[in-house]
Amino acid sequence: MSTRSRFPHNIRVWNRGTMKLNPIWKLVAIGLLLLASVIGSFAELDFGNCERVVKNWADSSSSREEHVNNDKRSLKDLLFFLHVPRTGGRTYFHCFLRKLYDSSEECPRSYDKLHFNPRKEKCKLLATHDDYSVMAKLPRERTSVMTIVRDPIARVLSTYEFSVEVAARFLVHPNLTSASRMSSRIRKSNVISTLDIWPWKYLVPWMREDLFARRDARKVKGVVIIEDDNPYDMEEMLMPLRKYLDAPTAHDIIHNGATFQITGLTNNSYLSEAHEVRHCVQKFKSLGEHVLQVAKRRLDSMLYVGLTEEHRESASLFANVVGSQVLSQGVPSDATAKTKTFRSEASVTISEPRSDKSNIQNGTSEVASNITTEAKSGNMTVKTLMEVYEGCITHLRKSQGTRRANSLKRISPANFTKGTRTRVPREVIQQIKLLNNLDVELFKYAKEIFAKEHELVSKKLISTSKRSIGDLPSEIRSVFGEMGDEKLWKLLPVALILLLLFLLFLFVNARRRRTSKVKI
């Protein structure tokens, strides 16, 4: 009986205990709900604030550009080359723009931050890695803009490769401290170092520090056996591509870099709101659409949009759209035309130790010594401009190839070629696409613009050729008039071959006559 009486009593005590604990658990549960609610509210508030910031920026960008002259196909007083890194812009700068413009016509420039008077007399060309925000310093209504766009996958891979290439040059030094001290000591006031150029002033020191750390680790280990020859995943020698892509530096500078540069939102921007807008877009992907639309409108308004992947067609389009207009804008003095030559590319490359610097300078001086410009002289035409461009890029690529080989031999067996890019795993390629979703869409749009402009220029050239035929005598014109455009273009190579055969016949016949005279 006593046991039964104690049992219900224990139950009642336990129930009372439970009743006493219930309010505490209820308070905890209510607290968690309130915390979740507060966190959710802050998230909504954060998104709402970001949405307002991005939309305000997009609206103000659109309103500023509504008043700009819509005649985009006419070259204005100032040409601004918005150079997106790793798109082939250096080739255009050295082999086209410096061919077309005198040094006196080039605006004082800096690939880090630009400080110049846009009202400078005869300032007609600005080529820089500065983003679109520099337009705030330019006479917008008198400025034409051009750029080159590249497939985001290739651009990101090329950025990684170039970061490694430049950083590897410093491995001639015994340690990182020595490399850093020497690089700052040998800079000259009239030379632009790669370490002064955006974005390399961030990417190269980052990669340089990593290369020295891995070299020191190999020294500690002693003999290091590298089993895999994939340069994108050679962890003993350099930072793997996967780690590079995931780093905060890459997220802030590389991913969607073309879109942010064309919209003026890089970490090198002149806009005070650029940092906030960029980070809002990076945090909330849906807000990227506002930035993408601004970027598309900017491309629409540009005088020229080239594609790295369509190299030959892009060069031809540039020569006919931009080059032809520059050539038609007057002729400089005879002295200027005769003495104007390509300046050495060494002025925009990183200073190196004497052992390798001589090789690099020899390669670039070959460009300078072998190609003398005739720009804007009476003899220069679009055709000759293209011929000189082809000769220039041959020498330029040779010097760049020599420099790359000298740099990468310091991290051998790591090496980057077109073939090695096939070693990048498919999931990494997909990762690059996702991280550069805005650039992927912008590249598609750039291809549409390029196709339309290419078709327009092609039609104009055909129309010009028809007018040339119209200047021929009526008998010849009637023959050509019966032919379609396609038949006419197919006949042209045949006519050239016949002309060459005729000239060869005259040459051989003339030699026979001279020989017969000697025998007599």
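Provided above is the structure to which this section pertains.
Residues numbered from 1 in each chain as written. Predicted model: local features only at pLDDT ≥ 70, side-chain atom pairs only at ≥ 80, totals over all residues. Heavy atoms only, no water.

Buried within helix α15 (residues 426–435) we find V428, Q431, I432 and L435. Viewed along the axis of α15, the buried residues span an arc of 100°, placing them on a single side of the element. Opposite the buried face of α15, by more than 90 degrees, sit the exposed residues R426 and L434. (Buried < 20%, exposed > 50% of the residue type's maximum accessible area, 1.4 Å probe, protein only. Helix = DSSP H or I, 4+ residues; strand = E, 2+ residues; numbered from the N terminus. Arc of directions from axis to C-beta.)

A few words on the state of the cysteines. For the structure shown, the criterion picks out three disulfides. At a sulfur-sulfur separation of 2.2 Å, the disulfide partner of C50 is C280. Its torsion about the S-S bond being -70°, the disulfide of C50 and C280 is classed as left-handed. Of this pair, C50 sits in helix α1 (residues 2–65) while C280 sits in helix α9 (residues 274–283), and the two are 230 residues apart along the sequence. Neither C50 nor C280 differs from the other in exposure class; each is buried. Each disulfide pairs two cysteine sulfurs, and for C95 the partner residue is C392, the sulfurs being separated by 2.0 Å. The sign of the -70° torsion about the S-S bond sets the C95-C392 disulfide as left-handed. Linking C95 in helix α2 (residues 89–100) with C392 in helix α14 (residues 382–408), this pair joins segments that are 297 residues apart in sequence. No difference in accessibility class separates C95 from C392, as the two residues are buried. Disulfide partners in the protein, listed by the sequence order of the bonded cysteines, are 1-5, 2-6, 3-4. (Disulfide = S-S within 2.5 Å.)

Let us look at the packing of helix α3 (residues 152–168) against helix α5 (residues 200–221). Interaxial distance between α3 and α5 falls to 8 Å at its minimum, and their mutual angle equals 65°. In this structure, α3 meets α5 at a crossing whose hand is right-handed. Contacts between α3 and α5 pair T159, Y160, F162, S163, V164, V166, A167 and A168 from the former with W200, L203, V204, M207, R208 and L211 from the latter. Here the residues of the contact of α3 with α5 sort into eleven nonpolar, two polar and one charged. (Axes fitted to C-alpha atoms, helices over the stretch in contact; angles between N-to-C directions. Left-handed = near helix turned anticlockwise from the far one by under 90°. Contact = heavy atoms within 4.5 Å. Nonpolar A, V, L, I, M, F, W, Y, C, P; charged D, E, K, R; others polar.)

Attention now goes to the packing of aromatic side chains. Across all of its chains, the model carries 14 aromatic pairs by this definition. Summarising the aromatic geometry, the rings of F47 and F284 are spaced 5.2 Å apart at their centres and angled 85° between planes, so their arrangement reads as edge-to-face. On the criterion of sequence distance, the pair formed by F47 in helix α1 and F284 in the loop between α9 and α10 (288–301) is long-range, its members being 237 residues apart. Considering the side-chain rings of Y304 and F318, the 5.4 Å spacing of their centres and the 80° angle between planes classify their relative orientation as edge-to-face. Of this pair, Y304 sits in strand β4 (residues 304–307) while F318 sits in helix α11 (residues 311–327); the two residues are 14 residues apart in sequence, bridging distant segments of the chain. For Y304, a relative accessible area of 2% gives the class buried. Take F318: its relative accessible area is 0%, and that puts it in the buried class. Site record: aromatic cluster; members linked through ring pairs are Y92, F96, Y304, F318 and Y389. Lying over the aromatic face of F170, R208 brings its terminal NZ or CZ to 4.7 Å of the ring centre. (Phe/Tyr/Trp six-rings, centres within 6.5 Å; stacked < 30°, edge-to-face > 60°. Lys NZ or Arg CZ within 6 Å of the ring centre and 35° of its normal.)

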